[in-house]
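Descriptive analysis of the structure
Spelled out from the first residue to the last, the chains are:
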Amino acid sequence: MSRFILKCCFHILRFFLLLFFFINKRTYMNLYVLLLKKVGCKISGMPRFISHKAYFDDFNLIKIGNRVVISANTIFLTHDYSYTTGLISIGHMPKTDIGTHGCIEIRDNVFIGMNVLVLPNTIIEENVIIGAGSVVKGKICANSIYAGNPAKKIADIFSYVDKINTKENIVFIKDKK
């Protein structure tokens, strides 16, 4: 099946899955994970949440681990055509655009905030928080918090948990499951 047809089918089915999002979020999540697997995403375990507004460039190049949260407007970009621009700038005019492709791997227990851009050839290791609006590229070390453009390590996960636990007047919200 061509990539274009696959993408069209995915978006049509995802649209109908949205009905479950408003009825039962767990059912929505189970069905959405099945759909992502069917179109080629490699998913191990069960993600906690994947927003229907997340964008997946090439499903076959994306791996998602267990207990992952992917917030709205996250973009998984698995291609890069900037190489063509580089060639032209040094006087080598290619006959057609030349691009590169790279895998994206999100390991277990990762939280990705809203509006994050994940670039090709990125590995986000276990127990990581990516702050909203970040641009992520390369190896993201385990047990860390990253934010910014480009994303930089701003803290380790252990000091973050300690900091939250010592704050007063924090209201914790527990999920129903």
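Shown above is the structure to which this text applies.
Described in the following lines is the structure provided in the data block. (Residues numbered from 1 in each chain as written. Predicted model: local features only at pLDDT ≥ 70, side-chain atom pairs only at ≥ 80, totals over all residues. Heavy atoms only, no water.)

Take the environment of Val136 next. For Val136, the location among the structural elements is in strand S14 (residues 135–136). Residue Val136 is classed as buried on the basis of its relative accessible area, which comes to 0%. Considering only alpha carbons, one finds Val136 and Lys152, 16 residues apart in sequence, at a separation of 8.5 Å. (Helix = DSSP H or I, 4+ residues; strand = E, 2+ residues; numbered from the N terminus. Buried < 20%, exposed > 50% of the residue type's maximum accessible area, 1.4 Å probe, protein only.)

This part covers the nonpolar core. Within soluble globular proteins, side chains that are nonpolar generally end up buried alongside one another. Within the largest apolar cluster, 36 residues are counted, with the highest numbers of intra-cluster contacts made by Tyr32, Leu36, Phe56, Phe76, Ile112, Ile124 and Ile130. Sort the elements by how many residues they give to this core and helix H2 (residues 25–38) lands first, with 6 residues. Not counting the four nearest positions on each side in its chain, Ile112 is found in contact with Val69, Ile70, Ser71, Thr74, Phe76, Ile106, Ile124 and Ile130. (Core = buried A, V, L, I, M, F, W, Y, C linked by side-chain atoms within 4.5 Å. Contact = heavy atoms within 4.5 Å.)

Backbone-to-backbone hydrogen bonds join strands into a sheet, with any given pair of strands oriented parallel or antiparallel. With respect to topology, 5 strands assemble into an open sheet ordered S1-S4-S9-S12-S15, the strand pairing being parallel. This sheet does not close on itself; its edge strands, each paired only once, are strand S1 (42–43) and strand S15 (139–140). Pairing between S1 and strand S4 (residues 62–64): 2 bridges, direction parallel. The residue of S4 that forms the bridge with Lys42 is Lys63. (Pairing = 2+ DSSP bridges.)

Turning our attention to the packing of helix H1 (residues 3–23) against H2. One can describe the packing of H1 onto H2 by two numbers: an axis separation of 7 Å at closest approach and a directional angle of 165 degrees. On the basis of their axis angle, the class for H1 and H2 is roughly antiparallel. You can see that H1 and H2 cross each other, and the crossing is right-handed. On H2, the residues touching Phe10, Leu13, Arg14, Leu17, Phe20, Phe21 and Ile23 of H1 are Lys25, Thr27, Tyr28, Leu31, Tyr32, Leu35 and Leu36. For the contact of H1 with H2, a count of residues per class yields 11 nonpolar, 1 polar and 2 charged. (Axes fitted to C-alpha atoms, helices over the stretch in contact; angles between N-to-C directions. Parallel < 35°, antiparallel > 145°, perpendicular 65-115°, else oblique. Left-handed = near helix turned anticlockwise from the far one by under 90°. Nonpolar A, V, L, I, M, F, W, Y, C, P; charged D, E, K, R; others polar.)

A separate point is the state of the cysteines. In this structure the tally under the stated criterion is 0 disulfides. Just so you know, Cys8 is unpaired, no disulfide at all, and the nearest cysteine sulfur is the one on Cys9, 6.9 Å from it. Its relative accessible area of 33% is what places Cys8 among the partly exposed residues. Cys41 supplies the cysteine sulfur nearest to Cys103, a cysteine that is in no disulfide, at a spacing of 11 Å. We classify Cys103 as partly exposed; its relative accessible area is 43%. (Disulfide = S-S within 2.5 Å.)

With respect to the element layout, Ile140 can be found in strand S15. Measuring from C-alpha to C-alpha, the distance between Ile140 and Lys152 comes to 8.8 Å, with 12 residues separating the pair along the chain.

With that settled, consider the packing of aromatic side chains. Any two aromatic rings considered together are summarised by their centre-to-centre distance and by the angle between their planes. Per the counting criterion, the structure on display carries 6 aromatic pairs. On the numbers, 5.4 Å between centres and 20 degrees between planes, the contact of Tyr28 with Tyr32 is stacked. One end of the pair, Tyr28, and the other, Tyr32, are both in helix H2, 4 residues apart, so they sit about a helical turn from each other. Note on Tyr28: relative accessible area 0%, which makes it buried. (Phe/Tyr/Trp six-rings, centres within 6.5 Å; stacked < 30°, edge-to-face > 60°.)

Moving on, we come to the environment of Val135. By the element assignment, Val135 lies in strand S14. Separated by 117 residues in sequence, Val135 and Leu18 have C-alpha atoms that sit 27 Å apart. In this structure Val135 touches Leu117, Leu119, Gly148, Asn149, Pro150 and Ala151, once residues within four positions along its chain are discounted.

The next subject is the sheet that holds strand S10 (residues 110–112). Read across the open sheet, the 6 strands follow the order S2-S5-S10-S13-S16-S17; overall the sheet is mixed. Sheet topology places strand S2 (49–50) and strand S17 (152–156) at the edges, where each strand pairs with a single neighbour. Relative to S17, strand S16 (residues 144–147) runs antiparallel, the two sharing 4 bridges. What sits directly across from Ala147, in S17, is Lys152. Each of strand S13 (128–130), S16 and S17 touches helix H4 (residues 157–166); the most contacted strand, S17, lies at about 55 degrees to it.

These values are about where atoms sit, not about what they do.
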